[in-house]
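Descriptive analysis of the structure
For reference, the chains in residue letters:
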Amino acid sequence: MTETNNILIKDTTIISDDIKKSSILIVDDTIQEISSSLTEKDAENVIDGTNKITMPGLINTHSHVAMTLLRGVGDDQSLQTWLNDYIWPKEAKLNDELVYLGSKLAMAEMIKTGTTTFNDMYFYMEETAKAVDESGMRAVLGYGMIDLFDEEKMKSELKVSEQLIKNCHMTCEDRVTVAVAPHAPYTCSEELLIKSKELADKHDLKYHIHVSETKQEVNDISKDKGKTPFEYLNDIGVLSSDTIAAHGVWTTQDEMKILKEKEVSVAHNPSSNMKLASGIAPVNEYLKNDINVSIGTDGVSSNNNLDMFSEMKLTAFLQKVNLLDPRVLPTQDTFNMATKNGANALGLNTGIIEVGKLADIILVDTLVPHMTPVRNALSNIIYSSLGTDVDTVICNGKILLENKELLTINEQEIIQEVNERAFEL
Ligand SMILES: [Zn+2]
């Protein structure tokens, strides 16, 4: 007899492509059955889903999770000043132990606020992979390559990426995959951008890059290359359905056509774009043009937390006020961005509650004042809920959070350690 890990989520309100009352049976890492006739006899572990909203785990498609260590650094500065004077000098002092700690803290925060998958670009990524292994989350990890147009640096950056692929791709029961992640067109040489694409293609990996984040970037690239950032990247042949372009704030109509034709995914980061005053991404236009757009938090020092529930609300509100039209970004569109569009961008079989999908599922408590009454569960999730309403988190069929308690991370220990060591930076 094979040993199986069965979980039944009984009598719950499920939001995915629609809203329904039912029960969910998870066997090992997969959603096996969704039916209101499932009973307690069908599973060893039963979770009572009454008074809970059950939905796919949220997918954060652009993060630098170890930046939790830099929470509160460089508030209220422009992107260039923030990077040059605040962030990069501190990041120069990072080491493997600190990245591990910052990643672990981030995972405690992400699990407690309902994120099951994140797409990260940073340094010492083997350490983040180790934290993913222990926390039970799912992640796409890329080493953030920056050569600042120096040929020797380009070669060494590519080597680090190759090493990460070798050490971490398809590890932790396949919960970790590796992406190739050149930082941005203004920090990477053309050769590095092209060689990164070759490396990604060689191993069939995603290509994660910041593009068109600020007006200054667009001006600089236009002056230097005679074209806009996405036109430039398209002309050097690095855009494809494997591209995850973070930000895409200043995308022109012509660039929109390129994104559609090349099936590029865009990761929208509303908090970061607002805090750094980068601008408002044309999310409604992306959706109207059938461009896959998902949501990210970006790093903590430009947010300053990792709560995807607040990112959903901000995504919707920002489009409504920008277009002076409350009808744009209806709740289901926003919900899809934080769930199945994210899975599409990352090429993962998750982001939706459906038989055969990976069991990445969260339960949100509704018996709190700000969630009462539940007239429309989807409306409450997008506009009323807080990340801290998340009660239960299941990733890859394993319970990571139960009754709001972390099962895989010692929360108080990691908080204490980060408080002791973050100021080394
Ligand atoms: Zn970023």
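In this text the structure is predicted, and so the values were computed from the model without any measurement.

1. Some details on the coordination of the zinc ion
Within the first shell, the zinc ion binds the protein through His62 (NE2), His64 (NE2), His210 (NE2) and Asp298 (OD), at distances of 2.1 to 2.2 Å. Classification of the site at the zinc ion as irregular follows from its four donor atoms and the range of 84 to 173° in their angles at the metal. The sequence pattern describing where the donors of the zinc ion fall on their chain is H-x1-H-x145-H-x87-D. On the criterion of sequence distance, the pair formed by His64 in the loop between strand S6 (58-63) and helix H1 (79-91) and His210 in strand S10 (residues 207-211) is long-range, its members being 146 residues apart. For the pair His64 and His210, a shared accessibility class is recorded, and that class is buried.

2. What about the pattern of salt bridges?
Tallying each qualifying case throughout the model produces 22 salt bridges. The residue Glu191 makes a salt bridge to Lys195 at a minimum N-O spacing of 3.4 Å. In this pair, Glu191 and Lys195 are both assigned in helix H5 (residues 190-203), four residues apart and thus about one turn of the helix distant. Classification of Glu191 as partly exposed rests on a relative accessible area of 36%. Exposure remark for Lys195: the relative accessible area of 34% places this residue in the partly exposed category. One salt bridge connects Lys288 with Glu285, and the closest N-O pair in it is separated by 3.4 Å. Of this pair, Lys288 and Glu285 both sit in helix H10 (residues 283-288), three residues apart, which is roughly one turn of that helix.

3. What to know about the state of the cysteines
What the rule picks out here adds up to zero disulfides. Unpaired in terms of disulfides, Cys172 finds its nearest cysteine sulfur in Cys168, a separation of 7.3 Å. Residue Cys172 is classed as buried on the basis of its relative accessible area of 14%.

4. Describing the packing of helix H2 (residues 96-112) against helix H3 (residues 125-135)
For the pair H2 and H3, interaxial distance at closest approach is 8 Å and the crossing angle is 40°. Relative to H3, the element H2 lies oblique. Remark: the crossing between H2 and H3 carries right-handed chirality. Along its contact with H2, which presents Asp96, Val99, Tyr100, Ser103, Lys104, Met107 and Ile111, the element H3 presents Glu127, Thr128, Lys130, Ala131, Val132, Glu134 and Ser135. Residues of the contact of H2 with H3, tallied by class, amount to six nonpolar, three polar and five charged.

Basis of the calculations
- Residues numbered from 1 in each chain as written.
- Predicted model: local features only at pLDDT ≥ 70, side-chain atom pairs only at ≥ 80, totals over all residues.
- Heavy atoms only, no water.
- Donors = N, O, S within 2.8 Å, 3.2 Å for Na, K, Ca; no water.
- Tetrahedral: all angles 85-135°; square planar, octahedral: opposite > 155°, others 65-115°.
- Helix = DSSP H or I, 4+ residues; strand = E, 2+ residues; numbered from the N terminus.
- Buried < 20%, exposed > 50% of the residue type's maximum accessible area, 1.4 Å probe, protein only.
- Salt bridge = Lys/Arg side-chain N within 4 Å of Asp/Glu carboxyl O.
- Disulfide = S-S within 2.5 Å.
- Axes fitted to C-alpha atoms, helices over the stretch in contact; angles between N-to-C directions.
- Parallel < 35°, antiparallel > 145°, perpendicular 65-115°, else oblique.
- Left-handed = near helix turned anticlockwise from the far one by under 90°.
- Contact = heavy atoms within 4.5 Å.
- Nonpolar A, V, L, I, M, F, W, Y, C, P; charged D, E, K, R; others polar.

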